[in-house]
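As a plain string of letters, each chain reads:
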Amino acid sequence: MPNLKTCRCRLGTSKVNPGKLVAALAVSMWCLACQAYAVTVVVNVNTQTFAPLAAGFSGYNSPQLRNGVEYYDPKFIQAAAQVKPGWLRFPAGTGSLAYDWDPMDSSGDHIDVAWMNSLITGNPPAVSGQAATILTISQQLTQAKGGVLFSDFTTFAKTLSARAIVCFNSYTDTNPGSAGRMARAAQIGGLNVAEWELANEAYLYPAIFPSPAAYPAAMHDPYFIDIKSVTPNATVGLFLAGLFRGTRAVTLPPNWLAAWDQGMAAYTPRYWNAVSMHVYPLVTIQSDQNTIDVLNGVLAHGTGEYISSYVDPLAGSSTPIFITEFNCCSPQGNKFLSFLYNGIFLAEYVARMSTVPNMKAVGVNSLYTDNSDYHGMIQSVDDHESYLLTQLAQNPSYSTNTATNPQTQFQFYTSAPGLALAVANQAINGSNGTWPTTVTGGPFVPIHGYDGKPIPAIYAQGYQASDGSHYVVLTNKSSSTCSTTIQINGVHVSGAMKVTTVSNSSGLVGNTAQSPNTGQIQTTV
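Just so it is clear, the model here is predicted, and its values are computed rather than measured.

Quick notes on the packing of helix α5 (residues 178-189) against helix α6 (residues 214-230)
Right, so step 1: Between α5 and α6, the least distance of the axes is 7 Å, while the angle of their chain directions is 30°. For the pair α5 and α6, the crossing hand works out as right-handed. Counting all contacts with α5, which are made through S178, A179, G180, A183, R184 and Q187, the residues of α6 involved are Y223, D226, I227 and V230.
Right, so step 2: Split by residue class, the contact of α5 with α6 holds five nonpolar, three polar and two charged.

Pasting the structure below:
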């Protein structure tokens, strides 16, 4: 019988038609091999119990305000297509705090300088530290490339057949009817908006929202009312802080974040119909092994268990949840972000969350980042930011089309985590439901935190593909060699198998500008 054999395999997805296995995909620490191994694992997919899966479940935060890339750059479109986004977030997280989306405004499509200064100046400023730095650089880069247009994003998302999550500037955009006009523009453009978020990470700015109740009170009128007046069925989400907020860059009052979530849960009326959250488990750079152990613990206890034990009691078990930023670590200079093992973590986390009934989307931060930031699933050989900022320093009105300027011709490559997600997303975003899946046998791996007990190294999740066939996503978090047999309802699968892999002899490697093909996707039959 055909087996999905993984030689120290880290992540894999197998596609099967009802009753037989026809294809498999895998991200591997080592190349796939056909010999048998001492460690045998049996994966059983129960197709008798079906759970719906939100369309385009796995996506990306796309903070184009913070870089020099144009949405319409053909090379960027090609690079984005390779990581298979189910949805994309506009315009950014922190950058959205002073962004003016309306092209009819004098500052439209740009960071409004007056809005930005109202946040980052003052004694003390309402927004400081890293967030203020992000706003400043976003203003400069957005100016240098001639703006970030909602219409360009709409075309970009539609070209990639991706839904959208829109993070509306509910901090400084007080223009009457602005949120409603943006909702109308989305309608006219044919953009499929899965969620409207109000006030990115509002819990980080007590100078703006001095109490948890102040936030939902301020969001209702005009923002929520405006959006709902145009799109009555819109999903509009407010932010919980959660347990993985991923920042040490701001000083908050004692117990502020826990009180925030409790205050949000207590607020009435609960008019919003969704919750947004961000997840960054590690806020400091740690050793590779400790990072791995922490992330293994998060996979076991910080996914479905976290939602049912912490989030659902606050938000309600039927409230749609959108994780719109997510990665292993928050420090942008942490090289672990670019390693293959992080891709294994990201892919398994998304797969685990896809079985949570009220989880509607999980998005990795970020689709693309500049060369000083390892969060990007897409990277470039030269981010051209030095050139753009130099031109802007010489001429504050400078702007160019970076897609056509000979001085800013981007050469993109996919990071190792991006390759892992490209493989996983083929299954996750190509499916409309999940099947209960069990794993028997295999090694265990240590965790850090929680109960401290080792967890199974092998994880698997079955999916019903939208075309009626099936996928199985598999991960192996150990270095043990394993032979994996796939069953459907207890019966070994027979038939041909196509295996797609990303292979390397170490999980602590990544693609770089100098070696952009260290990890590659390969397909065998």
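Still more to cover.
Re the confidence of the model for the chain
Right, so step 1: Of the residues in the chain, 91% have a pLDDT of 70 or more, and the chain-wide mean is 91.
Right, so step 2: Low confidence marks residues 1-24, where pLDDT is under 50. Its contacts with residues over four positions away, or in another chain, come to 134 contacts.
Right, so step 3: When the criterion is pLDDT under 50, residues 26-36 qualifies, and its contacts beyond four places in sequence or with other chains add up to 56 contacts.

Digging into unusual backbone geometry
Right, so step 1: Cis geometry is adopted by the peptide bond preceding P91, which originates at F90 and carries an omega value of -5°.
Right, so step 2: Looking at the element boundaries, P91 is found in the loop between β7 (87-90) and β8 (99-100).
Right, so step 3: Along the chain, D221 connects to P222 via a cis peptide bond; the corresponding omega equals 25°.
Right, so step 4: Counting through the fold element by element, P222 comes out in helix α6.
Right, so step 5: Non-glycine residue Y450 carries a positive phi angle of around 55°.
Right, so step 6: Tracing the backbone through its elements, the reader meets Y450 in the loop between β20 (444-445) and β21 (455-456).
Right, so step 7: Y450 gets classed as partly exposed once you look at its relative accessible area, which sits at 44%.

Section: helix α1 (residues 74-82)
Right, so step 1: Every buried residue of α1 is accounted for by F76, A79 and A80. All buried residues of α1 fall inside an arc of 100° around its axis, so they share one side. Exposed residues pointing more than 90 degrees away from the buried face of α1 are listed as P74 and Q78.
Right, so step 2: Residues of α1 that are buried make contact with α4 (150-159), β16 (378-380) and β17 (412-414).

So, the packing of aromatic side chains
Right, so step 1: Tallying each qualifying case throughout the model produces 31 aromatic pairs.
Right, so step 2: Taking the centre distance of 6.4 Å and the plane angle of 35° together, the rings of Y71 and F90 count as tilted. Highlighted residues: Y71 in the loop between β6 (58-61) and α1 and F90 in strand β7, separated in sequence by 19 residues. This pair shows no difference in class: Y71 is buried, exactly as F90 is.
Right, so step 3: Geometrically, the ring pair formed by F224 and Y271 is edge-to-face, given 4.9 Å between the ring centres and 65° between the ring planes. Of the two residues, F224 sits in helix α6 while Y271 sits in the loop between α7 (256-266) and β13 (274-279), which places them 47 residues apart along the sequence.
Right, so step 4: Each residue in the set Y71, F76, F90, Y99, W101, F150, F153, F156, Y368, F410 and F412 is aromatic and connected to the rest through ring pairs, giving one cluster.

Thresholds applied
- Along every chain, residues carry numbers that run from 1 in the direction the sequence is written.
- Two thresholds apply to this predicted model, a pLDDT of at least 70 for residue-level local features and 80 or more for giving and counting side-chain atom pairs, whereas whole-chain, interface and lining totals are computed over all residues.
- Excluding hydrogens and water, the side-chain figures rest on all heavy atoms present in the structure.
- Helix axes are fitted to C-alpha atoms over the stretch in contact, other axes to C-alpha atoms as well, and angles between N-to-C directions run from 0 to 180 degrees.
- A run of DSSP states H or I qualifies as a helix once it reaches four residues; a run of E qualifies as a strand once it reaches two. Both are numbered from the N-terminal end.
- Working rule for handedness: look at the near helix, and if it is turned counterclockwise from the far one by less than a right angle, call the crossing left-handed; if clockwise, right-handed.
- By definition in these notes, contact holds between two residues if any of their heavy atoms fall within 4.5 Å.
- Each residue receives one of three labels: charged for Asp, Glu, Lys and Arg, nonpolar for Ala, Val, Leu, Ile, Met, Phe, Trp, Tyr, Cys and Pro, and polar for the others, Gly being one of them.
- The quantity known as pLDDT measures the predictor's confidence residue by residue, on a range of 0 to 100.
- For every residue, the accessible area obtained with a 1.4 Å probe (protein chains only) is divided by the maximum for its type, and the residue is called buried under 20%, exposed over 50%, and partly exposed between those limits.
- The arc in question is the one traced by the directions running from the helix axis out to the C-beta atoms.
- Here a pair means two rings of Phe, Tyr or Trp (six-membered ring of Trp) with centres within 6.5 Å. Their orientation is stacked below 30 degrees between planes, edge-to-face above 60, and tilted elsewhere.

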